[in-house]
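# Structural features, examined
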Amino acid sequence: MKRAIYPGSFDPITNGHLDIISRTARLFDQVVVAVIRNPEKIPRFSLKQRVAMIKQTAAPFPNVAVESFAGLLVDYAREKKAQVIVRGLRAVSDFDYEFQMALTNRKMAPEIETFFLMTDYKYSYLSSSFVRQISHFGGDISEMVPPGVIDKLKQN
Ligand code: COA
């Protein structure tokens with residue numbers, strides 16, 4: 001059984017994240033989307049809200065579970081018996097941070113591999129904070145996030 005963890009803040013989930021989730025679901029037997037409270041970011045949505053939005057969005061994929069976690073990612077991956085951590089790469093600017101994180105995680109847990117998937121070019125410009133800003137100022141985010149998320153951004 002090959003199990004992958006796809007971690008992130010998902011504040012909120014975007015179509016770019018969904019693209020990575022759907023492709024990861026085709027590659028692995030089980031995928032755990034793991035939502036983290038990143039202490040370096042002030043969240044717009046609570047962990048509970050973020051998990052609920054991803055559950056709704058990922059409902060068509062039966063092998064995808066959604067959870068939240070605190071602490072070190074490699075500890076969580078071990079607890080979940082996941083062999084792989086999946087990360088999406090949008091542009092060269094993501095590379096330094098991702099490279100450093102992958103090597104640090106490998107140092108702590110050599111048995112866990114980090115897999116990088118190139119984000120679809122359609123979503124390579126996307127980020128959750130841009131989506132939040134555009135929505136805040138009344139811009140059109142209909143092609144950036146799943147439909148359920150548009151409503152939540154309007155309400156929150
Ligand atoms: N499509 C659209 N946007 C994407 C994307 C994609 N495919 N992939 C990443 N992004 C965006 C996110 O929306 C987010 O945007 P924002 O900064 O505007 O909110 C940004 O890229 C990066 O966020 P994310 O992927 O959620 O990463 P993160 O830096 O918040 O958290 C963790 C990364 C969770 C993997 C890392 O913080 C972690 O492992 N934490 C646990 C503690 C730990 O183990 N630390 C040691 C690490 S070596």
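For every chain, the first residue of its written sequence is number 1, and the numbers climb from 1 along that sequence. This being a predicted model, a pLDDT of at least 70 is required before a residue's local features are given, and a value of 80 or more before pairs of side-chain atoms are given or counted; all residues contribute to the totals for chains, interfaces and linings. Working from all heavy atoms in the structure, the side-chain values ignore hydrogens and water.

## Side note on the environment of Gln30
Numbered from the N terminus, helices here are DSSP runs of H or I no shorter than four residues, and strands are runs of E no shorter than two. Within the fold, Gln30 resides in strand S2 (residues 30-36). The spacing of Gln30 and Ile5 is 25 residues in sequence and 8.6 Å in space, taken between C-alpha atoms. N or O atoms closer than or at 3.5 Å make up a polar contact, with two conditions inside protein: a donor-capable atom paired with an acceptor-capable one, and, for residues adjacent in sequence, both atoms drawn from side chains. Here Arg3 takes part through its side chain, which lies 2.7 Å from a polar atom of the side chain of Gln30.

## Considering the side chain of Glu98
Structurally, Glu98 can be placed in helix H4 (residues 92-108). In this structure the side chain of Glu98 is engaged in a polar contact, spanning 2.8 Å, whose partner is the side chain of Arg87. Sequence-distant contacts of Glu98, that is, excluding residues within four places in its chain, are made with Arg87, Leu89 and Phe116. Working rule for contacts: check all heavy atoms of both residues, and any pair within 4.5 Å makes them a contact.

## Concerning the layout of surface pockets
Within this model, the largest pocket holds a volume of roughly 1,200 Å³. Think of a 1 Å grid over the protein atoms and nothing else: a 1.4 Å probe that fits but is trapped marks a cavity, an open set flanked by protein within 12 Å on at least five of seven lines marks a pocket, and residues with an atom within 4 Å of a point count as lining. Surrounding the largest pocket, 43 residues form its lining, Gly8, Ser9, Lys41, Arg87 and Tyr97 being those nearest its centre. Put simply, the parts of the chain that give the lining of the largest pocket at least two residues each are strand S1 (3-8), helix H1 (15-27), strand S4 (84-89), H4 and helix H5 (128-136). With nine residues, the single largest contributor to the lining of the largest pocket is H4. When residues are grouped by polarity, Ala, Val, Leu, Ile, Met, Phe, Trp, Tyr, Cys and Pro land in nonpolar, Asp, Glu, Lys and Arg in charged, and all others, Gly among them, in polar. For the lining of the largest pocket, a count of residues per class yields 17 nonpolar, 16 polar and ten charged. Grid points are joined across faces, edges and corners, and a volume is the space filled by probe spheres set on the points.

## Overview of the sheet that holds S1
Pairing between the strands of a sheet comes from backbone hydrogen bonds, and it takes one of two forms, parallel or antiparallel. In short, DSSP must find at least two bridges between two strands for them to pair. If you trace the five strands from one edge of the open sheet to the other, you get S3-S2-S1-S4-S5, paired in parallel fashion. Of all the strands in the sheet, just strand S3 (64-69) and strand S5 (113-118) have a single pairing partner and so form its edges. Strand-to-strand, the axes of this sheet are offset by a mean angle of 30°, without reference to chain direction. Two elements, S1 and S2, share six bridges in a ladder whose sense is parallel. The residue of S2 that forms the bridge with Arg3 is Gln30. The strands touched by H1 within the sheet are S1, S2, S3, S4 and S5, with S5 carrying the most contacts at an inclination of about 120°. The strands that H4 touches are S4 and S5; relative to S4, the one it contacts most, it runs at about 170°. With axes taken as lines fitted to C-alpha atoms, and helix axes fitted only over the stretch in contact, angles between N-to-C directions fall between 0 and 180 degrees.

## Some details on the nonpolar core
By nonpolar core is meant a set of buried Ala, Val, Leu, Ile, Met, Phe, Trp, Tyr and Cys residues that side-chain atoms within 4.5 Å join together. Classification of residues uses two cut-offs on accessible area relative to the type maximum, computed with a 1.4 Å probe and protein chains only: under 20% is buried, over 50% is exposed, and between them is partly exposed. Val33, Ile54 and Val86 are the most contacted members of the largest nonpolar core, which totals 30 residues. Among the secondary structure elements, those contributing two or more residues to this core are S1, H1, S2, helix H2 (47-57), S3, S4 and helix H6 (147-155). Apart from the residues within four sequence positions on either side, Ile54 is in contact with Phe10, Ile13, Ile21, Val33, Val35 and Val66. Core analysis: the next-biggest nonpolar cluster, separate from the first, contains twelve residues, Ile5, Phe69, Val74 and Ala109 among them.

## Section: the site of the ligand
We define proximity as follows: a residue is near a molecule or strand when any one of its heavy atoms falls within 4 Å of that partner. Around the ligand, the surrounding shell holds 24 residues, and the nearest of these are Ser9, Leu73, Tyr97, Ser128 and Ser129. One nitrogen or oxygen atom from the side chain of Tyr97 is found 2.7 Å from an oxygen atom belonging to the ligand. Contact with the protein chains hides 85% of the accessible area of the ligand, taken as 950 Å² for the molecule alone. Criterion for pocket placement: a molecule counts as inside a cavity or pocket if more than half of its atoms are within 2 Å of its grid points. Spatially, the ligand is embedded in the largest pocket. Taken together, the elements giving at least two residues each to the shell around the ligand come down to S1, H1, H4 and H5. The element that contributes the greatest number of residues to the shell around the ligand is H4, accounting for four residues. Each residue belonging to the shell around the ligand can be placed in one class, and the counts come to eight nonpolar, 13 polar and three charged. The Shrake-Rupley method, run with a 1.4 Å probe sphere, supplies the accessible areas, and residue values consider only the shown protein chains as cover.

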